[in-house]
Amino acid sequence: MLCASSISYAYGDAEVLHDIDLRVEVGNLVGILGPNGSGKTTLLKLLAGLLTPTHGHVTLDGIEVTRCARQEVAKRLAMVPQATELAFDYTAFDIVLMGRYPHLQAFELEGPSDINIVRRMLTLTGTSHLEDRTFRTLSGGEKQRVVLASALAQFDSGSSGTAEPTTNRVLLLDEPTSSLDLAFQLATAELLGRLNESQATTVVLCTHDLNLAAGLCRELVLLRDGKLVAAGEPAAVLTPETVGAVFDVDVDIRCHPANGRVSVIPVARRARPS
């Protein structure tokens, strides 16, 4: 279980998250929603142990993530940022191979099993054809899928085709579909669903896409101004009242006839309360 207990965070004197409690059960698929500046990405970085809370703490199976060796954390918890910039122009294959570093000893080189894992993750994310391309030549969506493949490579122990089903592996994603066209948005959502259901991967994602989150996630968390507004199942969280209060818009909430999922249709902007 990934658990945030009464966490707050401030950049200098500016508090951007205030007293957030969040429990992500093993095997869950959770979406974090909110307008720009609501604290979504900061919360994701806190969950990843990349930031230390000003107050409160984040634990993975009862162990505080900021007190663990990063190499050990990386075997079980990986984050895919919204954008990745590199100092050197590595190939896509090299980027995914970097995901194997938690499993290597000091000065140890990657072996055949690591190479096999890299190629399997490239195939899984639909990026095998890009393995010899340099990162800078890739589109935004291609870059994001290659970085996702690298994150998945962190989890594989190398002893079998996949990690053991009992292993709690947590994948954190910041706006995973923001650079993708419609076809790849659907493909990415399907991939995350498969990873969650068949490969024992707990998924937490930040997104502005309410409809993506409603169709993919089993639980949603809504933030506004760094505070938790609502949490629960999509149908309970995505109501006209709640969405209106968080995003300052009037919306029509419907059950889509084709897929039976909650669908959010923006109708009009509201004046933001002063």
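Residues numbered from 1 in each chain as written. Predicted model: local features only at pLDDT ≥ 70, side-chain atom pairs only at ≥ 80, totals over all residues. Heavy atoms only, no water.

Visitor: I keep staring at the packing of helix α4 (residues 112–124) against helix α5 (residues 140–155) and nothing clicks. Help me out?
Guide: Helices that pack against each other are described as a pair by the angle of their axes relative to one another and the distance between those axes. α5 packs onto α4 with a crossing angle of 135 degrees between their chain directions and a minimal axis gap of 9 Å. It follows from the interaxial angle that α4 and α5 lie oblique. When you trace α4 past α5, the crossing you get is right-handed. Within the contact between the two elements, α4 uses Ile 117, Met 121, Leu 122 and Leu 124 and α5 uses Ala 149, Leu 152 and Ala 153. Of the residues contributing to the contact of α4 with α5, the split by class is seven nonpolar, no polar and no charged. (Axes fitted to C-alpha atoms, helices over the stretch in contact; angles between N-to-C directions. Helix = DSSP H or I, 4+ residues; strand = E, 2+ residues; numbered from the N terminus. Parallel < 35°, antiparallel > 145°, perpendicular 65-115°, else oblique. Left-handed = near helix turned anticlockwise from the far one by under 90°. Contact = heavy atoms within 4.5 Å. Nonpolar A, V, L, I, M, F, W, Y, C, P; charged D, E, K, R; others polar.)

Visitor: What should I look at first to understand the pattern of salt bridges in this one?
Guide: A side chain of one charge can pair with a side chain of the opposite charge if their charged atoms are brought near each other. Counted according to the given criterion, the structure contains eleven salt bridges. The salt bridge involving Arg 100 is made with Asp 114; its shortest N-O contact spans 2.9 Å. Here Asp 114 lies in helix α4 and Arg 100 lies in the loop between α3 (92–98) and α4, a separation of 14 residues in the sequence. Salt-bridge contacts for Arg 119 lead to Glu 131; the nearest nitrogen and oxygen are separated by 3.1 Å. Of the two residues, Arg 119 is situated in helix α4 and Glu 131 in the loop between α4 and α5; the sequence distance between them amounts to twelve residues. One continuous salt-bridge network, built from bridges that share partners, spans Arg 224, Asp 225 and Asp 248. (Salt bridge = Lys/Arg side-chain N within 4 Å of Asp/Glu carboxyl O.)

Visitor: Any chance you could explain helix α1 (residues 40–48) here in plain terms?
Guide: Count 3.6 residues to each turn of an α-helix, and residues three or four apart come out pointing the same way. Of all nine residues making up α1, seven are buried, and the element is well covered by its neighbours. For α1, the full list of buried residues reads Lys 40, Thr 42, Leu 43, Leu 44, Leu 46, Leu 47 and Ala 48. With its phi angle positive at about 80 degrees, Gly 49 sits one or two positions after the end of α1. (Buried < 20%, exposed > 50% of the residue type's maximum accessible area, 1.4 Å probe, protein only.)

Visitor: Help me understand the layout of surface pockets, please; the structure alone is not making it clear to me.
Guide: Rolled over the atoms, a probe with the dimensions of a water molecule shows which regions are left empty. Of the pockets and cavities examined, the largest pocket occupies roughly 520 Å³. Lining the largest pocket are 22 residues, and of these Leu 186, Asn 211, Leu 212, Gly 215 and Arg 261 sit closest to its centre. Mapped onto the lining of the largest pocket, the elements with two or more residues apiece are α6 (182–198), α7 (210–216) and β12 (262–269). No other element matches α6, which puts nine residues into the lining of the largest pocket. By residue class, the composition of the lining of the largest pocket is seven nonpolar, nine polar and six charged. Roughly 220 Å³ of internal volume is contained in the second largest pocket. Met 79, Pro 81, Thr 84, Leu 86, Ile 95, Met 98, Gly 99, Tyr 101, Val 147, Ser 150, Ala 151 and Gln 154 together form the lining of the second largest pocket. Counting residues per element, the ones that place at least two in the lining of the second largest pocket are α3 and α5. Looking at the lining of the second largest pocket element by element, the count peaks at four residues for α5. Its residues assigned to classes, the lining of the second largest pocket shows eight nonpolar, four polar and no charged. (1 Å grid on protein atoms, 1.4 Å probe; cavity = no way out; pocket = protein on both sides within 12 Å on 5 of 7 lines; lining within 4 Å. Points joined across faces, edges and corners; volume = space filled by probe spheres on them.)

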